[in-house]
Structures are given as structure tokens and as C-alpha cells.
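Summary of the model geometry
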Amino acid sequence: MPIAIKDSTIDITSEKLTKELAKEFTKYLKGGEFVFLYGEMGVGKTTFVKYFINEYQKINNLTQTEITSPTFSLLNEYQVKDIRIKHYDLFRINRKEDINNLDIFEKDNKLITLIEWPQLIDDKDIKFITLTFNYLNQLNDRSVDIKV
């Protein structure tokens, strides 16, 4: 299923649709990108990240590993052939000063950085892709807005 990625709203009501979006998204990220994932708890941010990383592993003929939320560790890192993927979860961070200590904005064209709960980040010099996950219809449906 071809999906228009750039500046669009996509239905991800089912987990299958989330998986298809993540698969399509792997075609667009090649390294050096920062992706900010916004949305309420439980709306699908980590599920999207899981399918995204597993698809990267799959297309590189690697075993798909378990992908978990780094809520308590703040960072999970994955090596997929020559690409590193850093998955941050900043939910527990309350102060902007604490973000500076994480060295999130490493510039490397062999690195993809995925950041859940990026609300406290105010670095205007970083170009990033925004995925905003939303509940719809009294929590029955979900969508994601993509801004490139």
C-alpha cells in the first residue's frame, strides 16, 4: 500500500496500518534524520518505533529484535548494519537543562534519532520530521500527522 508521507494525515487505527506506515517510512530515512514523536500515552508512538526498527532489520536480513520503550533508561540504541538508530523517550524529563546532558543532537549521517516526548526540546538549529499521533472518535480511532 503506497502511503503519501510528506505533510499528510494517515489513519493508523489498526496495528496493521501502523506497521504499514512504519514500513513505508523506512524508505524515506537513510541516516542523519531526527524524528520527533508527539502524542498522548498509549496512542502508538512506541508501536510505530518498534515496527520501524524491525522493518530496518528485516530489509537488512537481520533477526528482528524485541523493541521496548526506553521510558526508564531514556535511550535504547540499535545497530542495523551501518545505521545506528537511537530511540529516546523523554517522558520523565522535566527540565530543559537535563536534555542538554543527553547529547541527543549528534550529527552523523549513519544515525537515525527517534525522540518520543520531545516537548522540552527547543533547539531551532535542528531540522526534524514531526509525527503527531492522535486519538479520534472518543479514542476508537487513531491517526498520525506527518510534517517534513
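In the block above lies the structure referred to throughout.
Quick summary incoming for the structure in this document. Predicted, not measured: the structure shown is a model, and the values here were computed from it. Here the residue index of a chain counts from 1 through its sequence in written order. Side-chain atom pairs in this predicted model are given and counted only at pLDDT of 80 or more, local residue features only at pLDDT of at least 70, and totals for whole chains, interfaces and linings cover all residues. By convention in this description, side-chain values take in all heavy atoms of the structure and omit both hydrogens and water.

1. Topic: the nonpolar core
Within soluble globular proteins, side chains that are nonpolar generally end up buried alongside one another. Throughout this description, the term nonpolar core refers to a set of buried Ala, Val, Leu, Ile, Met, Phe, Trp, Tyr and Cys residues connected via side-chain atoms within 4.5 Å. Between buried and exposed lies partly exposed: a residue is buried under 20% and exposed over 50% of the maximum accessible area for its type, with that area taken using a 1.4 Å probe on protein chains only. With 27 residues, the main nonpolar core has F48, F52, I85 and L131 as its most contacted residues. Strands here mean DSSP runs of E at least two residues long; helices mean DSSP runs of H or I at least four residues long; both are numbered from the N terminus. Every element with two or more residues in this core is listed here: α1 (15-25), β2 (34-38), α2 (45-59), β3 (75-80), β4 (83-89), β5 (111-116), β6 (129-136) and β7 (141-147). Here the element with the most residues in this core is α2; it accounts for six residues. We call two residues in contact whenever any of their non-hydrogen atoms come within 4.5 Å of each other. Ignoring any residue separated from it by four or fewer positions in sequence, one finds F52 in contact with A22, F25, T26, L29, I85, I112 and L114. Grouped together as the second largest cluster of nonpolar side chains are 13 residues, L90, W117, I121 and I126 included.

2. Section: the packing of aromatic side chains
Side-chain rings of Phe, Tyr and Trp (the six-membered ring for Trp) are treated as a pair once their centres are within 6.5 Å; stacked means planes under 30 degrees apart, edge-to-face means over 60, and tilted covers the remaining angles. Summed over the entire model, instances satisfying the criterion amount to eight aromatic pairs. Between F25 and F48, the ring centres sit 5.5 Å apart and the planes meet at 75 degrees, which makes this aromatic pair edge-to-face. Here F48 lies in helix α2 and F25 lies in helix α1, a separation of 23 residues in the sequence. F25 gets classed as buried once you look at its relative accessible area, which sits at 2%. Note on F48: relative accessible area 1%, which makes it buried. Ring centres 4.1 Å apart and planes at 15 degrees place the aromatic pair F36 and F128 in the stacked group. With a gap of 92 residues between them, F36 in strand β2 and F128 in the loop between β5 and β6 connect regions that are remote in the sequence. Exposure remark for F128: the relative accessible area of 30% places this residue in the partly exposed category.

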